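For reference, the chains in residue letters:
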Amino acid sequence: MLHDVLTVGFDLDMTLIDSRPGIRAVYQELSATTGTYIDADQAVGRLGPPLDWELRHWFAEEHIAAMVLKYREIYPTRAILPTPALPGAAAAVRAVQELGGRAVVVTAKNAPQATLHLDHLGITPDAVVGGLWAEAKATALREHGASVYVGDHLGDVLGARAAGALSVAVPTGPIGAAELREAGADIVLDDLTSFPAWLKDYAAQRA
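Residues numbered from 1 in each chain as written. Predicted model: local features only at pLDDT ≥ 70, side-chain atom pairs only at ≥ 80, totals over all residues. Heavy atoms only, no water.

A.B. asks: Just checking my understanding: could you explain the overall build of the protein for this structure?
C.D. replies: Along the protein, the regular secondary structure elements total 10 helices and six strands. Overall size of the protein, expressed as C-alpha extent along the three principal axes, is 55 × 35 × 30 Å. Sequence-distant contacts in the protein: of pairs separated by 6 or more residues, those separated by 24 or more amount to 62%. Of the roughly 9,100 Å² of accessible surface on the protein, a fraction of 53% belongs to carbon and sulfur atoms. Averaging the positions of the 16 positive and the 25 negative side-chain charges in the protein gives two centres separated by 2 Å. (Helix = DSSP H or I, 4+ residues; strand = E, 2+ residues; numbered from the N terminus. Contact = heavy atoms within 4.5 Å. Areas by Shrake-Rupley, 256 points an atom, 1.4 Å probe, with all protein chains shown as cover. Lys, Arg positive; Asp, Glu negative; His and termini not counted. Charge placed at Lys NZ, Arg CZ, Asp CG, Glu CD.)

Here is the structure:
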């Protein structure tokens, strides 16, 4: 049964990928196209929540839906090539699969663009679920039977806890290690390079 298989969820932005260069380029293009000032560096410093949250810093509410569409139109040509994997990302996903488990990416980013990043970088999870943030991530984590969720943001800790999953946090995004611990992360690793060793110990204890 699915829920008997070791399943680990991963966030995407600033957990598996450093999406700042690509997203910065998209915001710069969106600003140039619309004639609206956007501080792209400030925007990428707030990565984690859904896109429409960030757009509300720069556009009136009545323009948000159109700007979401415009942003996503620009995204494939500006964001994919400049975006690298974070250290240990591909190996972390493989580590789950090499133990006979399933790796599931659960992200606030829409699934098609998340998949573009993963395909470009050669990271091959077993499933990608997009459009979920904070506690809403618990829906997908429970559906896939994830016992662990790995993320960089306070919203990822909330999602893990709402799903009854172990929260493994990495301070590779905008949130520091101490704040992640205070928010309730069960495990805080420096980055994903130490995840395979941690996972091996976790799986042995789980057996």
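A.B. asks: Help me out: how do you make sense of the sheet that holds strand β3 (residues 127-129) in this one?
C.D. replies: Sheet strands pair by backbone hydrogen bonding; their relative direction is either parallel or antiparallel. The sheet built from six strands is open, its strands ordered β3-β2-β1-β4-β5-β6 with parallel pairing. Two strands lie at the open edges of the sheet, namely β3 and β6 (187-188), each paired on one side alone. Here three bridges tie strand β2 (residues 102-106) to β3, and the two strands are oriented parallel to one another. Among the inter-strand pairings, Val-106 is bridged to a residue of β3, identified as Val-129. (Pairing = 2+ DSSP bridges.)

A.B. asks: Can you help me understand the packing of helix α5 (residues 89-98) against helix α10 (residues 195-206) in this one?
C.D. replies: Angle between the axes and distance between the axes: these two values describe a pair of packed helices. Closest axis-to-axis distance for the α5/α10 pair is 9 Å, and the angle between their directions is 20°. The orientation of α5 with respect to α10, classified from their angle, is roughly parallel. At the point where α5 passes α10, the crossing takes the right-handed sense. Mapping the contact onto sequence places Ala-91, Ala-92, Ala-95 and Val-96 in α5 and Phe-195, Pro-196 and Leu-199 in α10. Along the lines of polarity and charge, the residues of the contact of α5 with α10 split into seven nonpolar, no polar and no charged. (Axes fitted to C-alpha atoms, helices over the stretch in contact; angles between N-to-C directions. Parallel < 35°, antiparallel > 145°, perpendicular 65-115°, else oblique. Left-handed = near helix turned anticlockwise from the far one by under 90°. Nonpolar A, V, L, I, M, F, W, Y, C, P; charged D, E, K, R; others polar.)

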